Amino acid sequence: MNQQIDQLAADNIRALAVAMVEKANSGHPGGPMGGADFMHILYSEFFNYDPADMHWPFRDRFFMDAGHLSTLMYAQYYLLGSYKKEDIANFRQWESVTPGHPEVDVARGIENTSGPLGQGHTMGVGAAIAAKFLQARFGDWMNHKIYGFISDGGVQEEISQGAGRIAGHLGLNNFIMFYDANDVQLSSKTDEVTSEDTAKKYEAWGWKVVTIDGHDHDQIRKALADANAETEKPTLIIGQTIMGKGCVTADGESYEGHTELHGKPIGDTGADYEMTLKNLGADVDNPFDIFRNVAEFYEDVLGRKRADAHAKKKEIDAWRVENMELSSKLDSFFDGKLPELDFGSIAQKDGQATRAASSNVLAYLAENVENMIVSSADLSNSDKTDGFLKKTSILKKGDFSGAFLQAGVAELTMAAIANGIALHGGIIPVVATFFVFSDYMKPAIRLSAIQELPVKFVWSHDAFRVGEDGPTHQPIEQEAQIRLLEKLKNHSHEQSFVALRPADSQETNVAWKMAMENKKTPTGLILSRQNIKDVPAQSGNRYEEALGAEKGGYLVQEVNDPDIILIANGSEVSTLVDASKLLEEKKGLKVNIASIPSEGIFRQQSKEYQEKVIPGNKPVFGLTAGLPINLEALAGPNGKVFGLEHFGYSAPATVLDEKFGFTGDQVYTEVIEFLNK
């Protein structure tokens, strides 16, 4: 313990943060200046990882919530050798590895993409759940910690309530969060926004809470030591810090604590950039240098990290020798390997709702996939994730032997937790709610897509046929919103999201097969509440035919030289089957019917295949229970799509089908009118 070098290192972090923002002429310098002391003590003394093996599965993990404080992370990892000087100097520039808000980059120490406040620490809660789940199966040697860093804004975001409640309820003593309480927000002081007692709030949720001077290294050290020793509760360390710690004016007078220091270069405030650098001990002409004594100190730190990791790995190796079967299973979990699964063997009743079919698949997965955590927003008996729950037990404080997370009514929190579980690795997260409430989940769905996480979203009650619950519960525009993500590329140039709306039970089996095999991006399954007629099998084996869904779209009814192509997904496919019978009987028309559960995947197929399913020289009629835009691109400029362009109404599903025009007879009439035009 060397107070002089600790202060020098913290000031080096402050100077680097200030210089990065000043050069970029963009960013948030004040917060990193306040959080520098905590970061230095955490990483130099407590944080366990292997600098030579950054992807080591059993490392501690740091989840940043306040993504606008990215320079705090970049500066800290620069001291640890993960970034080069030019990386720091190119903050926020094109193709730099130091973007304005942190983006997942485990090789450099960045565990999560953050920026939308509240989600970063909630992903940390998910990672802590994942670690507890694995520890329950493989042993107490798996004792790594998950650290979070949150700001006033993150505490205020509503998602923090869900994260705090669940972490406390589950007793996640492996989760330690630092709250950078500097009383300053982007546009105001915190006391203009809130007067709540944050400590009491977290204590009420079941957290251990300690309040410290966030610049006193001994207090930080003790708080972290106590948090690491805690066996029952997650810990919140409220660090009372100063916004812009170390900022001075041109006259050398203190200019700390001002709101304007939050969100713009300090040279554009009442503080002076060069005098502040000098006050922090930096070379004004070389602001991106690591101080010589700090560089030497961190060389020793890195040596200790490598030695500690080596010792831990020897402990793990000894466990592996004594537990070879478990060891192999653990490796398969982290490698993302699935056991042999036979989705065609899953028995399904005739004419059932696709949510019920999904329940049967989940029951099968519960018995065959040991590293899944399924969660529902207080709807397991309605979204039918109880098929999984009946085969396992819930996660609870002191007992993580189960595999079902009862999230309560907290869709956004649940989805962000799933992202954290996926980021931790080793576990397949599944989350479920009604499709209309995907609206609550959108921010986390978006981050799931950006981070390329294979989370499985299960959305039941997929259309207006929710019926009596009325317009608040009847999804109309939700499918169009979700399918926009299928048109959006991620940074790996892949379709950023896969949305699957299966037409019947066997197509649901295939949709789950696709979801489980998709390890690159999130997948959403959109499932019906009401029973659906099974699509007739032309060959006698409906499952084998439904495998055509793996191409995003396929013909469920095919004739030579059809007069018209009917397209849909979900329950509307069976309605088209009814309509096609009338078209054949009454008009002698030859009809092809295509089920298109995922336009995004369908568009990835060869032009020849797409043309075979939906020929460009034939009339195309689409049917959707949502907005017509769901299918308009597939129908083409000369096609027609019949859908809804208004909210739903409260009435039984069969009545709504009749009123809205979704019966075989009514669709027959629509098709004839379209052909006559």
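Residues numbered from 1 in each chain as written. Predicted model: local features only at pLDDT ≥ 70, side-chain atom pairs only at ≥ 80, totals over all residues. Heavy atoms only, no water.

K.L.:
Mind showing me how you'd approach the sheet that holds strand E12 (residues 554–557) here?
P.N.:
What holds strands together in a sheet is hydrogen bonding between their backbones, with the strands either parallel or antiparallel. Sheet architecture is open: 5 strands sit in the order E12-E14-E13-E15-E16, paired in mixed fashion. Single-partner strands in this sheet number two, and they are E12 and strand E16 (640–642). In this sheet, neighbouring strand axes are inclined to one another by 30° on average, regardless of whether the strands run parallel or antiparallel. Bridging between strand E13 (residues 564–568) and strand E15 (residues 620–623) involves 3 bridges; their strand directions are parallel. When the sheet's bridge partners are listed, leucine 566 is paired in E15 with phenylalanine 621. (Pairing = 2+ DSSP bridges. Helix = DSSP H or I, 4+ residues; strand = E, 2+ residues; numbered from the N terminus. Axes fitted to C-alpha atoms, helices over the stretch in contact; angles between N-to-C directions.)

K.L.:
Please clarify how the pattern of salt bridges should be interpreted in this entry.
P.N.:
For side chains of opposite charge, pairing can occur when their charged atoms come near one another. Using the criterion set out here, one finds 37 salt bridges in the structure. Between aspartate 289 and lysine 85 there is a salt bridge; the shortest N-O distance is 2.6 Å. Taken together, the positions of aspartate 289 in the loop between helix H10 (273–279) and helix H11 (292–322) and lysine 85 in helix H4 (residues 85–89) put the pair 204 residues apart, joining distant regions of the chain. Under the relative-accessibility criterion, aspartate 289 is labelled partly exposed at 28%. A residue is classified by how much of its surface remains accessible, and lysine 85, at 36% relative accessible area, is partly exposed. (Salt bridge = Lys/Arg side-chain N within 4 Å of Asp/Glu carboxyl O. Buried < 20%, exposed > 50% of the residue type's maximum accessible area, 1.4 Å probe, protein only.)

K.L.:
Is there a simple way to think about the side chain of asparagine 12 in this case?
P.N.:
Mapped onto the fold, asparagine 12 is located in helix H1 (residues 3–24). Filtering out sequence-adjacent residues up to four positions away, asparagine 12 remains in contact with Leu79, Asp289, Ile290, Phe291 and Val294. (Contact = heavy atoms within 4.5 Å.)

K.L.:
For this particular structure, what's the right way to read the packing of aromatic side chains?
P.N.:
Geometry of an aromatic ring pair is reported as the spacing of the ring centres plus the angle between the planes. Within this structure, the stated rule accounts for 34 aromatic pairs. Ring geometry for phenylalanine 149 against phenylalanine 178: centres 5.4 Å apart, planes inclined by 45°, an arrangement best described as tilted. Highlighted residues: phenylalanine 149 in strand E2 (residues 146–151) and phenylalanine 178 in strand E3 (residues 175–181), separated in sequence by 29 residues. For the pair formed by phenylalanine 149 and phenylalanine 178, the shared burial category is buried. Members of the aromatic cluster, joined through ring pairs, are Phe38, Tyr43, Phe47, Tyr49, Phe62, Tyr77, Tyr147, Phe149 and Phe178. Positioned over the ring face of tryptophan 56 is lysine 313, at 5.3 Å from the centre of the ring. (Phe/Tyr/Trp six-rings, centres within 6.5 Å; stacked < 30°, edge-to-face > 60°. Lys NZ or Arg CZ within 6 Å of the ring centre and 35° of its normal.)

K.L.:
Please explain the layout of surface pockets as it appears in this structure.
P.N.:
Rolled over the atoms, a probe with the dimensions of a water molecule shows which regions are left empty. In this structure, the largest pocket occupies an estimated 710 Å³ of space. Together, 30 residues line the largest pocket, and Phe334, Ala422, Leu423, Gly425 and Gly426 are the ones closest to its centre. Breaking the lining of the largest pocket down by element, the ones donating at least two residues are helix H12 (324–335), helix H15 (411–424) and strand E8 (428–434). The residue makeup of the lining of the largest pocket, split by class, is 14 nonpolar, 8 polar and 8 charged. For the second largest pocket, the calculated volume is near 430 Å³. Lining the second largest pocket are 22 residues, with Glu103, Ile450, Gln451, Glu452 and His491 sitting closest to its centre. Top contributing element to the lining of the second largest pocket by residue count: helix H16 (residues 438–451), with 4 residues. (1 Å grid on protein atoms, 1.4 Å probe; cavity = no way out; pocket = protein on both sides within 12 Å on 5 of 7 lines; lining within 4 Å. Points joined across faces, edges and corners; volume = space filled by probe spheres on them. Nonpolar A, V, L, I, M, F, W, Y, C, P; charged D, E, K, R; others polar.)

K.L.:
Would you mind showing me how to read empty space enclosed by the protein here?
P.N.:
Taken as a whole and assessed by the stated rule, the structure comprises 3 cavities of 30 Å³ or more. Taken as a whole, the largest cavity spans an internal volume of roughly 60 Å³. Across the lining of the largest cavity, the residue classes break down as 6 nonpolar, 1 polar and 4 charged.

K.L.:
Just checking my understanding: could you explain unusual backbone geometry for this structure?
P.N.:
Of note in this structure, aspartate 378 is not a glycine but carries a positive phi near 60°. Within the element layout of this structure, aspartate 378 appears in the loop between strand E6 (372–376) and helix H14 (386–389). The phi torsion at glutamate 452 lies on the positive side, around 60°, for a residue other than glycine. Looking at the element boundaries, glutamate 452 is found in the loop between H16 and strand E9 (456–460).

K.L.:
Whenever I open this one, the side chain of aspartate 504 confuses me. Can you help?
P.N.:
Positionally, aspartate 504 belongs in the loop between strand E10 (498–500) and helix H18 (505–517). Taking relative accessible area as the criterion, aspartate 504 reaches 1% and is therefore assigned buried. Excluding residues that lie within four positions of it along the chain, aspartate 504 makes contacts with Thr354, Lys533, Asp534, Val535 and Arg542.

K.L.:
Please clarify how the pairing of strand E11 (residues 523–526) should be interpreted in this entry.
P.N.:
In regular strands, side chains alternate between the two faces of the sheet. Going residue by residue along E11, you find Thr523 and Leu525 tucked away on one face and Gly524 and Ile526 tucked away on the opposite face as well. In this structure, E9 lies alongside E11, joined through 4 bridges in parallel fashion. Bridged to valine 458 within E11 is leucine 525. Note: E10 against E11, 3 bridges, orientation parallel. Bridge assignment links leucine 500 to a residue of E11, and that residue is leucine 525. For the crossover that starts at E10, traverses H18 and ends in the parallel E11, the hand is right-handed. (Right-handed = clockwise from strand over helix to strand, strands pointing away.)

K.L.:
What is the right way to read the nonpolar core from this model?
P.N.:
A general tendency of soluble globular proteins is for nonpolar side chains to be buried together. Of all hydrophobic cores here, the largest spans 148 residues; its most connected members are Ile129, Leu365, Met372 and Trp512. Filtering out sequence-adjacent residues up to four positions away, leucine 365 remains in contact with Leu341, Phe343, Met372, Phe388, Trp512 and Met516. Of all hydrophobic cores here, the second largest spans 67 residues; its members include Ile41, Leu72, Phe149 and Tyr255. (Core = buried A, V, L, I, M, F, W, Y, C linked by side-chain atoms within 4.5 Å.)

K.L.:
Can you walk me through H16 in this structure?
P.N.:
Note: α-helices contain 3.6 residues per turn, so residues at a spacing of three or four share the same orientation. For H16, with 14 residues, the first-to-last C-alpha span of 18 Å sits near the 20 Å given by 1.5 Å per residue. At alanine 444, H16 is deflected by roughly 40°, the largest bend along its length. Within the span of H16, buried status applies to Ser438, Met441, Ala444, Ile445, Leu447, Ser448, Ala449 and Gln451. Packed against the buried residues of H16 are helix H5 (119–138), H15, E8, E9 and helix H17 (478–484). A positive backbone phi angle near 60° is found at glutamate 452, which sits one or two residues after H16. (Expected span 1.5 Å × (residues − 1). Bend = angle between axes of the 7 residues up to and from the residue.)

K.L.:
In this structure, what is going on with the sheet that holds strand E4 (residues 208–213)? I would like to understand it.
P.N.:
Read across the sheet, 5 strands follow the order E1-E2-E3-E5-E4 without closing on themselves; strand pairing throughout is parallel. Two strands lie at the open edges of the sheet, namely strand E1 (61–64) and E4, each paired on one side alone. Adjacent strand axes in the sheet meet at a mean angle of 20°, parallel and antiparallel pairs treated alike. Sheet topology note: the E3/strand E5 (residues 235–240) ladder contains 6 bridges and is parallel. Note that in E5 the partner of phenylalanine 178 across the bridge is isoleucine 237.

K.L.:
Would you mind showing me how to read the packing of helix H2 (residues 30–46) against H11 here?
P.N.:
Any two packed helices are characterised by the angle at which their axes cross and by the distance between the axes. Running from amino to carboxyl end, H2 crosses H11 at an angle of 45°, the nearest separation of the two axes being 9 Å. One element, H2, and the other, H11, form an angle in the oblique class. Here His40, Tyr43, Ser44, Glu45 and Phe46 of H2 come into contact with H11, specifically with Phe297, Tyr298, Val301, Arg304 and Lys305. A class-by-class count of the residues in the contact of H2 with H11 yields 5 nonpolar, 2 polar and 3 charged. (Parallel < 35°, antiparallel > 145°, perpendicular 65-115°, else oblique.)

Structural measurements only, silent on function.
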